[in-house]
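Observations on the three-dimensional arrangement
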Amino acid sequence: MSAKTAVLLMAYGTPNRIDEVEQYYINVRGGRMPTPEQVENLSARYRAVGGHTPLTTLTKSVTEQLQAQLDAEFPDQYQVYFGMKYWHPLIPDVVKQIHADGISKVIGLALAPHYSKISIGGYQKQVDRANEEFTTNIELTMINSWQEQPKFRNLIANRISEALAQFPADVRDQVTVLFSAHSLPQRVLAWGDPYPDELLGSAKGIAEMLELPDWRFTYQSQGETGEPWLGPDVLDTLAELAAEGKKYVLQVPFGFVCDHLEILYDIDIEGKHKANELGLQLERIRLLNDDPAFVDLLKTVVTGQ
Ligand code: FEC
C-alpha cells in the first residue's frame, strides 16, 4: 500500500471527435437513446465550435500543474488523477488505476464550485459504484462545494474587473453583471437541494466585494428532457434586460471553470446572437481554465493551506 493520498479531479467530459458525439450523448442521458435529430443538433453545436472543446486538455493541464504545486510544498504526499463523468478517461477506469497504484485514501474534487445532488452527488456516486467492485475499499473524502473559498470569489471578482474594461469607460457603470450557472430540472427543489441558494449566496458575495451597481443571477444551458428546468433562462433574461432599456451586459458563468460547449456555444454563439438581435453588447469573463492562480485555489481546497 502507498502512503500517498490520491486527489481525484473530476469534470464533465467531452467528445474528442464528431463521430463520438452520439455515444457521449447516450452517456450524458444515462443510457437513454437520443433521437437522430437530437444527435445532429448536438453535433452541429460541436461543429460550430471547431469539432471539439478544450475541456479535456485544460483538465489535464490543471492536473499536471496541481501535481507540481503539491510536490513542491508536500513532497511525496499526493498523487493527482483526473476522471470524467461522461467521456474518457472515465471515472470508474481512474478509480481502478488508483486501486492498482495501491492508494487507499482519495480526496474527490469535482471541478464545479457549487453543490447539487445531481451534479456533485453524481460524481460521488460514480466513484462509490466503481469502488464497490473491489474487496479492499478506498476511503473517499468528497469535497462537496468550494464556492465559499475566498480565493475562488477573489478570482471571479478579478475576472469581472478585467472584463468590465472591455466596455467603453463612459458606460462602465451602466453594465449589468449577469452571473450564470447550469440549469437543473426543477425537481431538485423538492429535495431541498442547496444549489439555488449556493449560487445566489456566491453571486451576492462577489457582487458585494465589487460593489456592483447592477447585478443579476440567471440559469443557462437547459437540457432537453421534456421536464421543467430552473429559470429564469439567460435568453429570457437578456430579453428582459433589453426591455428595461439596458444596453451593456457582462456574463459571468461562475458555475463553470473552463471553456467548453456551454461557454463556447451557449454564450459565445447563441447568447451573442440573441444579444445582437436585442441591441445589447454582451461580453463574458475569461474562464479560470488552467490559470496557475486557479491551480493554487485548488491546492488550498485540497490541503486547506
Ligand atoms: O464541452 C463539452 O463537451 C461538455 C459541456 C458540458 C458541461 C456540462 C455541465 C453540466 N451539465 C449539467 C447537467 C446536465 C443535465 C443534463 C445535461 C445535458 C447535457 C448535454 C450536453 C451537456 N449537458 Fe450538462 N454539460 C455539458 C454538456 N447536463 C451536450 C446533452 C444535450 C443537451 O441537453 O444540451 C440532462 C441529461 C438528461 O438528458 O438526462 C441534468 C450540470 C453541469 C455543471 C456541473 C459540471 O460541470 O459537472 C449540472 C460542462
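The shown structure was predicted, so the numbers you read here are calculated from the model rather than taken from an experiment. (Residues numbered from 1 in each chain as written. Predicted model: local features only at pLDDT ≥ 70, side-chain atom pairs only at ≥ 80, totals over all residues. Heavy atoms only, no water.)

Right, let's get into the UniProt feature "binding site: Fe(2+)" (unreviewed entry) in the chain. Within this numbering scheme, the UniProt entry marks His182 and Glu262 as carrying the feature "binding site: Fe(2+)" (unreviewed entry). Across 81 residues of sequence, these annotated residues stay compact in space, with a maximum C-alpha separation of 8.3 Å. Along the chain, the position of His182 falls in strand β5 (residues 176–182). Summarising the element assignment, Glu262 is placed in helix α9 (residues 261–264). (UniProt positions renumbered as here; feature names shortened; annotations may be inferred. Helix = DSSP H or I, 4+ residues; strand = E, 2+ residues; numbered from the N terminus.)

This paragraph deals with the packing of helix α6 (residues 150–164) against helix α11 (residues 292–303). Put simply, α6 and α11 touch, their axes get as near as 9 Å, and they point 160° apart. With respect to α11, the axis of α6 lies roughly antiparallel. Between α6 and α11 the crossing geometry is left-handed. Each of Lys151, Phe152 and Leu155 in α6 lies in contact with α11, whose residues at this interface are Ala293, Phe294, Asp296, Leu297 and Thr300. Its residues assigned to classes, the contact of α6 with α11 comprises 5 nonpolar, 1 polar and 2 charged. (Axes fitted to C-alpha atoms, helices over the stretch in contact; angles between N-to-C directions. Parallel < 35°, antiparallel > 145°, perpendicular 65-115°, else oblique. Left-handed = near helix turned anticlockwise from the far one by under 90°. Contact = heavy atoms within 4.5 Å. Nonpolar A, V, L, I, M, F, W, Y, C, P; charged D, E, K, R; others polar.)

Take the site of the ligand next. In the vicinity of the ligand lie 26 residues, with Tyr12, Thr14, Tyr46, Tyr123 and Leu261 positioned nearest. Measuring from a nitrogen atom of the ligand, one finds a side-chain N or O atom of Tyr12 at 2.8 Å. Tyr46 places a polar side-chain atom, nitrogen or oxygen, 2.5 Å from an oxygen atom of the ligand. Of all the elements in the fold, those that place two or more residues in the shell around the ligand are α1 (21–28), α2 (36–48) and α9. Of the residues in the shell around the ligand, the class split is 13 nonpolar, 8 polar and 5 charged. (Near = heavy atom within 4 Å. Polar contact = N/O pair within 3.5 Å; in protein donor to acceptor, adjacent residues only side chain to side chain.)

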